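The chain contents come next:
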Amino acid sequence: MKLPITMTVNGETWPLDVEPNDVLLDVIRTRVGAKGAKIGCERGDCGTCTVLFDGRSIRSCLMLAVEADGHEIITVEGIPENGVLSNLQDLFISHNSFQCGFCAPGIVLGAHELLRDNPNPSRHDVQHALAGNLCRCTGYEPIIDAVLAAAEEARS
Amino acid sequence: MAIAHQFAYQKVATLDEAVEAIARAGPDVRILAGGTDLVPWLRDDAIHPDLVVDIKAIDGLDTLTREGDHLFLGPLVTFSDLLTSDLVRDHLPILFEMADTVASPGIRNRATVIGNICSAVPSCDAGPTLLVLNASIAVLGPAGARTVPIEEWFLGPRKTALSSGEIVTGLSIPIPTPPHGAIYLKLQRYQGEDLSQAGITVLVTGDNDFRVAFGAVGPIPARAHAIEEALKGKDLTDGLIAEAVGLVAGAISPITDMRATKEYRARICEVMLERGLPAAIARRDGTGPAYGTRLI
Ligand code: FES
Ligand code: FES
């Protein structure tokens, strides 16, 4: 039973036919082609499939594609403006925050949401907001440092 | 990994339509709200519904309101909503503290409080807190509406008092007469996504009426009435705390699983009660740590 849906991904409208059991993460990657959303645990534990859904971070491995009908999705590809990385992304680079980078899309989006909702986060706030984004490489410290630096630069 | 099981999907616009859809579909139907349990269960092949009924298009189900001395939560109220609600902060900050321990923002933005008690896993975070608050669950079915007290709600792991054909329409939570203090302690291996290894909510009212409930240390989250009776109306002394701690073993029935051994769970429940009782009183008296501070 194909269901017609229309969702917006990174500003582009996508009319698609999906099956009820299609998972949003798979549809974003294979049909829309936004490979920034990564396939990790596929059970909500790791955060690498994070996308912004109507502006709020969600785990796209835990949603059916049909639930996205009429909604707006931003993947990590949608964060740069006119091809220019956000300041947060630049700071992740200058802090050498990532090694393999597999966790990066989820962390960019999670940190983006945090800084939007709380421009003045403490170190604990950053840890708490990103606690569900697992990184197997870095030990997290350079990630947290970059988010705090981005908050500070935005304030000054 | 895709979901192998095939099912029909229906998005309904009203509660009546939901009840009709459920009735037509027969026994194997599932309600979809946040989906944070439903989708992994489908992927694991743990459930095989013929029909999934999405209730997110029903107007008004996301309301969190105060009705006299009750807070009312609709079925689409998420854990993130509890974290940002002024009503919760002003009247039932224990709900804030509980929600703050649930998974991660990406889950809390989606997972609903009512979904949590409908999934009814033994470690569900909302369980112990709603138990000490004497919440009641509004249910609608083919035979009409009824209300289920939370203490009669949990029947076993993933089993609730919801009858076939019924749907939950809201949660009503009495606001205890001020002053009251409460605390939710949750032990987990790491913050961020882990389920509770053991959890406890303690609530104390102005006349030293204590309410205590445990989660993740029995087939269902449950009140510890024997402990409550031992404490009732008394001033908390070291001796009384020790007496209450001595009753913990009889109040819980933990098992060993991948998250903790039963011996560890039993011991940590004693520690959590020992820390939780004075902390709840200190909060009631205005001297305790802010809600959301982790004491364990
Ligand atoms: S792939 Fe979605 S949380 Fe891990
Ligand atoms: S940089 Fe490799 S998982 Fe985070």
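Residues numbered from 1 in each chain as written. Chains lettered and ligands numbered in written order. Predicted model: local features only at pLDDT ≥ 70, side-chain atom pairs only at ≥ 80, totals over all residues. Heavy atoms only, no water.

Structural notes on the overall build of chain B
So, step 1. Helix and strand content of chain B: 12 helices and 14 strands.
So, step 2. Its C-alpha radius of gyration of 19 Å places chain B within 12% of the 19 Å reference for a compact globule of 296 residues.
So, step 3. Projected onto its principal axes, the C-alpha coordinates of chain B cover approximately 60 × 45 × 35 Å.
So, step 4. Taken over 296 residues, chain B has a buried fraction of 57%.
So, step 5. Here the analysis covers contacts within chain B between residues at least 6 apart in sequence; of these, 61% occur between residues at least 24 apart.
So, step 6. With the model as given, the accessible surface of chain B reaches about 11,700 Å², and the carbon-plus-sulfur share is 53%.
So, step 7. Taking the average place of the 26 positive charges on the side chains of chain B and the average place of its 36 negative ones, the gap between the two points comes to 4 Å. (Helix = DSSP H or I, 4+ residues; strand = E, 2+ residues; numbered from the N terminus. Rg over C-alpha atoms; globule rule 2.2 N^0.38 Å. Buried < 20%, exposed > 50% of the residue type's maximum accessible area, 1.4 Å probe, protein only. Contact = heavy atoms within 4.5 Å. Areas by Shrake-Rupley, 256 points an atom, 1.4 Å probe, with all protein chains shown as cover. Lys, Arg positive; Asp, Glu negative; His and termini not counted. Charge placed at Lys NZ, Arg CZ, Asp CG, Glu CD.)

A look at the environment of Met98 of chain B
All names here are of chain B.
So, step 1. As for its placement among the helices and strands, Met98 is situated in helix 5 (residues 93–100).
So, step 2. For Met98 and Glu263, which are 165 residues apart along the polypeptide, the C-alpha to C-alpha distance reads 25 Å.
So, step 3. In this structure Met98 touches Phe79, Leu82, Asp125, Ala126, Thr129 and Tyr184, once residues within four positions along its chain are discounted.

So, the domain arrangement of chain B
So, step 1. On domain assignment, one finds that chain B holds domain 1 (8–54), domain 2 (64–174) and domain 3 (180–284).
So, step 2. Its C-alpha centre places domain 1 of chain B at a distance of 35 Å from the equivalent point of domain 3 of chain B. (Domains from an automatic or database assignment.)

Brief notes about the pairing of strand 4 (residues 56–59) of chain A
Residues and elements named next belong to chain A.
So, step 1. Bridge analysis of strand 3 (residues 50–53) against strand 4 gives four bridges, and the strand direction is antiparallel. Bridged to Val51 within strand 4 is Ile58.
So, step 2. Remark: two residues form the turn of the hairpin made by strand 3 and strand 4, two consecutive strands paired antiparallel; Asp54 in that turn has positive phi of roughly 50 degrees. (Pairing = 2+ DSSP bridges.)

Details of the pattern of salt bridges
So, step 1. A complete count under the given rule lists 18 salt bridges over all chains for this structure.
So, step 2. We note a salt bridge from Lys232 of chain B to Asp209 of chain B, for which the minimum N-O separation is 3.4 Å. In this pair, Lys232 of chain B sits in the loop between helix 9 (225–231) and helix 10 (238–246) while Asp209 of chain B sits in the loop between strand 12 (198–205) and strand 13 (210–215), placing the two residues 23 residues apart along the sequence.
So, step 3. Residues joined in a network through salt bridges with shared partners are Glu67 of chain A together with Asp54, Lys56 and Arg110 of chain B. (Salt bridge = Lys/Arg side-chain N within 4 Å of Asp/Glu carboxyl O.)

A closer look at the environment of Ala249 of chain B
All names here are of chain B.
So, step 1. With respect to the helices, strands and loops of the structure, Ala249 is situated in helix 11 (residues 248–251).
So, step 2. Exposure remark for Ala249: the relative accessible area of 53% places this residue in the exposed category.
So, step 3. Between the C-alpha atoms of Ala249 and Arg267, which are 18 residues apart in sequence, the distance is 8.5 Å.

A few points about the sheet that holds strand 10 (residues 167–174) of chain B
Whether parallel or antiparallel, the strands of a sheet pair through hydrogen bonds between backbone atoms.
Residue and element names in this part refer to chain B.
So, step 1. The strand order across the open sheet formed by five strands is 4-5-10-6-7, and the pairing between neighbours is antiparallel. In the strand order of this sheet, the two ends are held by strand 4 (64–67) and strand 7 (144–149), each with one partner. Strand after strand, the sheet turns through a mean of 25 degrees between neighbouring axes, direction not considered.
So, step 2. In this structure, strand 4 lies alongside strand 5 (residues 70–73), joined through four bridges in antiparallel fashion. Along strand 5, the bridge assignment pairs Glu67 with His70.
So, step 3. Relative to strand 10, helix 1 (residues 15–25) is tilted by about 130 degrees, and along the sheet it contacts strand 6 (136–141) and strand 10. (Axes fitted to C-alpha atoms, helices over the stretch in contact; angles between N-to-C directions.)

Notes on the interface of chain B and chain A
So, step 1. The interface of chain B with chain A comprises 36 residues on the first partner and 28 residues on the second.
So, step 2. A combined buried area of about 2,500 Å² lies between chain B and chain A, and 51% of that area is made up of carbon and sulfur atoms.
So, step 3. Area buried by chain B at its contact with chain A is led by Tyr9, Arg43 and Arg110 of chain B, which between them contribute 22% of it.
So, step 4. Inspection of the chain B/chain A interface yields four salt bridges.
So, step 5. One salt bridge connects Lys56 of chain B with Glu67 of chain A, and the closest N-O pair in it is separated by 2.6 Å.
So, step 6. Looking at the side of chain B that touches chain A, the elements that each hand over two or more residues are strand 1 (8–11), helix 2 (38–43), helix 3 (79–84) and helix 6 (105–108) of chain B.
So, step 7. With four residues, the single largest contributor to the side of chain B that touches chain A is helix 6 of chain B.
So, step 8. Of the residues contributing to the side of chain B that touches chain A, the split by class is 14 nonpolar, 11 polar and 11 charged. (Buried area = accessible area lost by both parts, 1.4 Å probe. Nonpolar A, V, L, I, M, F, W, Y, C, P; charged D, E, K, R; others polar.)

Looking at helix 5 (residues 141–155) of chain A
So, step 1. For helix 5 of chain A, spanning 15 residues, the distance from its first C-alpha to its last is 21 Å, which sits close to the expected 21 Å at 1.5 Å a residue.
So, step 2. Where helix 5 of chain A is concerned, the buried positions are Ile143, Ile144, Ala146, Val147, Ala149, Ala150 and Ala151 of chain A. (Expected span 1.5 Å × (residues − 1).)

Quick word on the domain arrangement of chain A
Residue and element names in this part refer to chain A.
So, step 1. If you check the domain split of chain A, you get domain 1 (3–78) and domain 2 (87–155).
So, step 2. For domain 1 and domain 2, the distance between their C-alpha centres works out to 22 Å.
So, step 3. Opposite the 18 residues of domain 1 that make contact, domain 2 presents 13 residues.
So, step 4. Both faces combined, the contact of domain 1 with domain 2 buries some 1,100 Å², and carbon together with sulfur accounts for 58% of it.
So, step 5. Of all residues in domain 1, Thr48, Leu52 and Val76 give up the largest surface area on contact with domain 2, accounting jointly for 36% of the area buried on that side.

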